[in-house]
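# Architecture and fold: a report
Each chain, written out:
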Amino acid sequence: MSRIITRRRFLIGATMTASALGLAGCDALVENDRTKSVLKIAEGLSMKTQRFLLGDDALAREFTEADISPTFRANGTSMPDNARYIDWMNQRFSSWKLEVGGLVDKPMQLSLAELKALPARTQITRHDCVEGWSAIGKWTGVPLGALLQAAGLKPEARYIVFHCADEYEKTLDGSGWYYESIDLVDAFHPQTILAHTMNGRDLEVAHGAPLRLRVERQLGYKQAKYLTGIEAVADLGQLYGGNGGFWEDRGYEWYAGI
Amino acid sequence: MATTDAGMASGRTLFYRHGLLVRLSHWVNVLCMTALLYSGLQIFNAHPALYWGQYGADNDPSFISMVAEQEGDALKGVTHLGGLSFDTTGILGVSNVDGEAAVRGFPNWLTLPSYQDLASGRRWHFFFAWLFVINGFIYLAYGFVSRHFRRDLLPAAEELKPSHLGHEIVSHARLRFPKGAEARHYNTLQKLAYVAVIFVLLPLMIGTGLTMSPGFNAVAPWLLDLFGGRQSARTLHFLTAFSLVAFVAVHVAMVLVSGVFNNLRSMVTGYYDIGQGGKS
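Residues numbered from 1 in each chain as written. Chains lettered and ligands numbered in written order. Predicted model: local features only at pLDDT ≥ 70, side-chain atom pairs only at ≥ 80, totals over all residues. Heavy atoms only, no water.

An unreviewed UniProt entry annotates chain B as Cytochrome b/b6 domain-containing protein of Rhizobium indicum. As its UniProt record puts it under Subcellular location (unreviewed entry), chain B is described as follows: "Cell membrane". (UniProt positions renumbered as here; feature names shortened; annotations may be inferred.)

Naming follows an unreviewed UniProt entry, where chain A appears as Molybdopterin-dependent oxidoreductase of Rhizobium indicum.

What follows is the structure in structure tokens.
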């Protein structure tokens with residue numbers, strides 16, 4: 001009897017050791033740089049395939065008023081923790097301005113009132129968090145393409161970078177500021193808007209007041225909140241971690257269509 | 001299945017059962033589905049809850065969720081299934097990480113990587129999803145062109161008669177497996193299981209997976225209507241994955257009880273020993 005238990009104990013122990021070794025082996029493989037570069041092949045394939053199938057103008061699904069989520073979860077920063085933002089908020093964003101610069105012919109500074117006076121698009125769309133949950137909301141805002149046309153892109157401009165007022169991760173070197181970027185295909189997509197209104201009301205602080213990006217064919221982390229500036233650039237390598245976005249610098253795909 | 005027989009010494013008949021392409025795609029599939037399952041559970045752990053319909057987040061009613069609840073000093077893992085709740089401490093909701101109770105949907109030994117890392121989980125999942133899809137297309141093309149599906153997997157009309165099926169189910173339950181001439185082809189239960197996996201479950205897996213992609217929704221909006229929304233598709237993706245796990249469990253059990261060495265040899269070299277009387 002005792003022999004059976006010993007043998008069973010041995011088997012259980014051996015199995016646990018083997019699975020621990022297996023796990024450690026898997027983790028080591030996950031962290032290996034060569035593995036990472038091989039896995040990155042998939043991101044390029046996914047982006048090229050989606051772009052090929054999508055074309056430039058295929059629209060994300062738009063829903064009806066009845067589909068709007070009763071509560072729209074706020075994710076990431078819900079209250080930026082810096083003096084400049086708190087000042088803006090206390091003045092109900094009357095002193096806030098959106099800066100449009102970089103590789104453009106006519107750099108601009110637009111107040112919230114000026115943005116709201118521009119022709120707008122309203123769309124009821126689904127927000128898909130990379131974590132897996134979704135919420136449906138109604139957004140109204142200025143089509144980014146129209147703004148970029150007014151500013152006049154220089155021929156060498158390839159990407160549009162969005163600067164934000166939230167430092168999502170406090171770091172000594174300031175690399176924790178939220179930022180995002182998209183290419184010109186998505187920048188000029190008809191559903192890509194700078195939203196100032198959500199579900200018929202001014203955007204709430206938790207959802208990115210006073211202005212957030214909506215790029216409806218991509219995941220939630222592309223929908224940058226608390227916009228302060230838009231910059232046209234030729235490449236993304238010089239910004240922060242060089243991968244084109246806060247989460248991209250932390251290992252997530254730049255093209256977030258899947 | 002080519003019909004060349006070899007190795008007839010000592011009363012055995014080695015029969016060439018699986019073509020090279022079938023064997024290769026089978027093992028590539030094993031690799032892909034293993035990586036996809038474990039990285040998929042990693043992705044699920046980023047938000048361990050499933051919903052029906054077009055949207056679903058924390059405050060929406062869920063179909064299933066695995067949460068941690070504080071009970072005194074201890075963390076309790078609770079799994080909600082519709083209106084039912086189960087204490088699943090240690091496995092679902094709360095499990096052991098380095099000797100301490102941690103909030104975790106599935107435990108670390110079921111996820112790739114073992115620690116919580118959604119970005120890595122996604123990279124592994126999409127890499128092996130591509131490999132799996134490419135492998136699948138090659139197999140499908142081969143299966144149709146070589147007539148492998150029609151010859152080996154399509155059940156004949158008489159095989160689908162209730163009396164025949166009943167007979168096969170009884171022999172299976174008694175673990176009596178065909179020998180000799182009968183073992184030259186799959187039995188009806190095998191055929192039906194393989195057809196269901198190849199033509200129903202695996203395409204469903206890919207279809208529901210693509211339905212979760214906001215980009216692919218713009219390419220093929222009809223997928224959203226087919227599966228009733230992104231969150232329904234996510235739930236079906238999970239249920240289909242579990243159906244595949246169940247299939248693999250039965251498949252491996254059948255391999256073990258019906259002659260593990262013979263089965264493995266046939267899936268590695270192609271040759272299956274049909275035993276005595278193979279020529280009849």
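Within chain A, the secondary structure is distributed over six helices and 10 strands. Here the C-alpha coordinates of chain A stretch approximately 85 × 40 × 40 Å along the principal axes. By the burial criterion, 48% of the 258 residues in chain A qualify as buried. Expressed as a percentage of contacts within chain A between residues at least 6 apart in sequence, the contacts between residues at least 24 apart total 70%. (Helix = DSSP H or I, 4+ residues; strand = E, 2+ residues; numbered from the N terminus. Buried < 20%, exposed > 50% of the residue type's maximum accessible area, 1.4 Å probe, protein only. Contact = heavy atoms within 4.5 Å.)

With that settled, the discussion passes to the environment of Y16 of chain B. Residues and elements named next belong to chain B. Here Y16 is to be found in strand β2 (residues 14-16). The class of Y16 is buried, set by a relative accessible area of 18%. Y16 sits 120 residues away from G136 along the chain, and the two C-alpha atoms are 23 Å apart.

Moving on, we get to the interface of chain B and chain A. In this assembly, 39 residues from chain B lie in contact with 50 residues from chain A. Here chain B packs against chain A, burying approximately 3900 Å² in sum over the two surfaces, 60% of which is carbon and sulfur. Where chain B meets chain A, there are five salt bridges. Linking E43 of chain A and R123 of chain B is a salt bridge whose minimum nitrogen-to-oxygen distance equals 3.3 Å. At the junction of chain B and chain A, the tally comes to 20 residue pairs in polar contact (both at pLDDT 80 or more). Grouping the amino acids of the side of chain B that touches chain A by side-chain chemistry returns 21 nonpolar, 11 polar and seven charged. (Buried area = accessible area lost by both parts, 1.4 Å probe. Salt bridge = Lys/Arg side-chain N within 4 Å of Asp/Glu carboxyl O. Polar contact = N/O pair within 3.5 Å; in protein donor to acceptor, adjacent residues only side chain to side chain. Nonpolar A, V, L, I, M, F, W, Y, C, P; charged D, E, K, R; others polar.)

The geometry of an aromatic ring pair is captured by two quantities: the separation of the ring centres and the angle between the planes. Residues and elements named next belong to chain B. For the coordinates displayed, the defined rule picks out 27 aromatic pairs over all chains. Each ring, one from W124 and one from F128, has its centre 5.8 Å from the other, and the planes form 20 degrees; the classification is stacked. Linking W124 with F128, this pair stays in helix α2 (residues 118-145), spanning four residues, or about one helical turn. For the pair W124 and F128, a shared accessibility class is recorded, and that class is buried. Positioned above the aromatic ring of F15, the side-chain terminus of R184 is 5.0 Å from the ring centre. (Phe/Tyr/Trp six-rings, centres within 6.5 Å; stacked < 30°, edge-to-face > 60°. Lys NZ or Arg CZ within 6 Å of the ring centre and 35° of its normal.)

This brings us to the sheet that holds strand β3 (residues 49-50) of chain B. Residue and element names in this part refer to chain B. In spatial order, the strands read β3-β4-β5-β6; together these four strands make up an open sheet with antiparallel pairing. The sheet is open, and its two borders are formed by β3 and β6 (84-87), each paired with just one other strand. Bridge analysis of strand β5 (residues 74-81) against β6 gives four bridges, and the strand direction is antiparallel. If you follow V78 over to β6, its bridge partner there is D87. (Pairing = 2+ DSSP bridges.)

Here we come to the pairing of strand β1 (residues 97-102) of chain A. Residues and elements named next belong to chain A. When β1 meets strand β2 (residues 108-111), the two strands line up antiparallel, connected through four bridges. Directly across from K97, in β2, lies its bridge partner S111. Relative to strand β10 (residues 227-233), β1 is paired through four bridges, and the arrangement is parallel. Each residue of the ladder has a partner; that of G102, found in β10, is A232.

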